[in-house]
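Given next are the chains, with one letter for each unit.
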Amino acid sequence: MTTQPPALLIAGHGTRDEAGAEAFRDFVKELGRRHPELPVAGGFIELSPPPLGEAVTELVERGVQRFAAVPLMLVSAGHAKGDIPAALAREKERHPGVTYTYGRPLGPHPALLRVLERRLDEALAGTAREDVTVLLVGRGSTDPDANAEVCKAARLLWEGRGYAGVETAFVSLAAPDVPSGLDRCARLGARRVVVLPYFLFTGILPERVRRQTEEWAAAHPETEVRSADVIGPEPELLDLVMERYAEAVAGDLRMNCDSCVYRIALPGFEDKVGLPQQPHFHPDDDGHGGHGHGPGHHHHGGHTHSHAH
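Residues numbered from 1 in each chain as written. Predicted model: local features only at pLDDT ≥ 70, side-chain atom pairs only at ≥ 80, totals over all residues. Heavy atoms only, no water.

### Some details on the packing of aromatic side chains
Within the structure shown, the criterion is met by three aromatic pairs. Above the ring of Trp-158, the side-chain terminus of Arg-155 is found at 4.8 Å from the ring centroid. (Phe/Tyr/Trp six-rings, centres within 6.5 Å; stacked < 30°, edge-to-face > 60°. Lys NZ or Arg CZ within 6 Å of the ring centre and 35° of its normal.)

What follows is the structure, encoded as structure tokens:
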């Protein structure tokens, strides 16, 4: 008898933007269509239905006992390092006998860099790359390691592709913000700038990036500014999720711990070292059997979940 491969659980952040949430749900369905041999389900940590717990329950009801969870996130910030592992630990309590492994976030990966390059080509519409400075805009985080990952993606995007330069900015929680990033490009002498959102799907934050870009451009007519599209549900993204799934199943995780704020005392973040991780409360999560969110749920938290599972 052949052993059933572990199911695939996709963990999303959640968004108040219905189109963005629908894009995630469609992406999960497409993964399921492409891989009929695997049970596939997906849920959100916060803001959007379905909650992650509901997705786990759906898998359990389909007879799943083992699954691999892949965070559908570009960088490893607090959600990937803490919220998802804590939520998964809670699901293990709710469903005794279930085991899981936990994959790593998606970027920066050469496949995603190829999609970003394609988005830039679409926005450039034939303009020579050597005349263009790119402003890569990440979500932004209170986690320095996560922000550094966006800078790494920017550098890798610059290497070998012939752009005049690739600068970084963030739409929330970190500096420079979008207008400051555009100011920096202009001060560096950029005459043409393409603002490239480092986001998987449409949503409130990518729309904010586009709006702030348009406002800055209107106030600086001397600089030509264009907006590129988000990554979107490209074949490369579908393949990359399966690559992360395979890594998680094989136990080959290579998680970055060297500059993790929960392990290393980084300047200004010393209080986070060793901090227990707690799952987000999702408003749509009814507890599936009476489990509440009392303090007893949180003793199993802790950043080690990100590395051990």
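### So, unusual backbone geometry
Note that the residue after Pro-49, namely Pro-50, is joined by a cis bond; omega there is -5°. Within the element layout of this structure, Pro-50 appears in the loop between β2 (40-44) and α2 (52-61). For Leu-173, which is not glycine, the phi dihedral falls at a positive 65°. By the element assignment, Leu-173 lies in the loop between β6 (165-170) and α6 (178-187). (Helix = DSSP H or I, 4+ residues; strand = E, 2+ residues; numbered from the N terminus.)

### Regarding the pairing of strand β1 (residues 7-12)
In terms of residue burial, β1 counts as a mostly covered element, since six of its six residues are buried. Burial of the side chains of β1 extends over both faces: Ala-7, Leu-9 and Ala-11 are buried on one face and Leu-8, Ile-10 and Gly-12 on the other. The pairing of β1 with strand β3 (residues 66-71) spans five bridges and is classified as parallel. Residue Ala-11 lies in a different strand from β3, and its bridge partner there is Pro-71. Where β1 lies against β2, five bridges are found, and the strand directions are parallel. Residue pairing across strands places Ile-10 opposite Gly-42, the latter belonging to β2. In this region the chain leaves β1, passes through helix α1 (residues 18-34) and returns to the parallel neighbour β2; the handedness of that crossover is right-handed. (Buried < 20%, exposed > 50% of the residue type's maximum accessible area, 1.4 Å probe, protein only. Pairing = 2+ DSSP bridges. Right-handed = clockwise from strand over helix to strand, strands pointing away.)

### What about the nonpolar core?
Leu-8, Ile-10, Leu-31, Leu-72, Leu-106 and Val-241 are the most contacted members of the largest nonpolar core, which totals 50 residues. When residues no more than four places from it in sequence are discounted, the contact partners of Ile-10 are Phe-24, Val-28, Leu-31, Ala-41, Gly-42, Gly-43, Leu-52, Val-70, Leu-72 and Val-241. Core analysis: the next-biggest nonpolar cluster, separate from the first, contains 21 residues, Ala-11, Leu-59, Ala-69 and Val-98 among them. (Core = buried A, V, L, I, M, F, W, Y, C linked by side-chain atoms within 4.5 Å. Contact = heavy atoms within 4.5 Å.)

### Observations regarding the sheet that holds strand β5 (residues 132-138)
Within the open sheet, the four strands sit side by side as β6-β5-β7-β8. Their pairing is parallel. The sheet is open, and its two edges are formed by β6 and β8 (224-227), each paired on a single side. Taken over all neighbouring pairs, the strand axes of this sheet differ in orientation by 25° on average, direction set aside. Pairing geometry for β5 and strand β7 (residues 192-197), over six bridges, is parallel. (Axes fitted to C-alpha atoms, helices over the stretch in contact; angles between N-to-C directions.)

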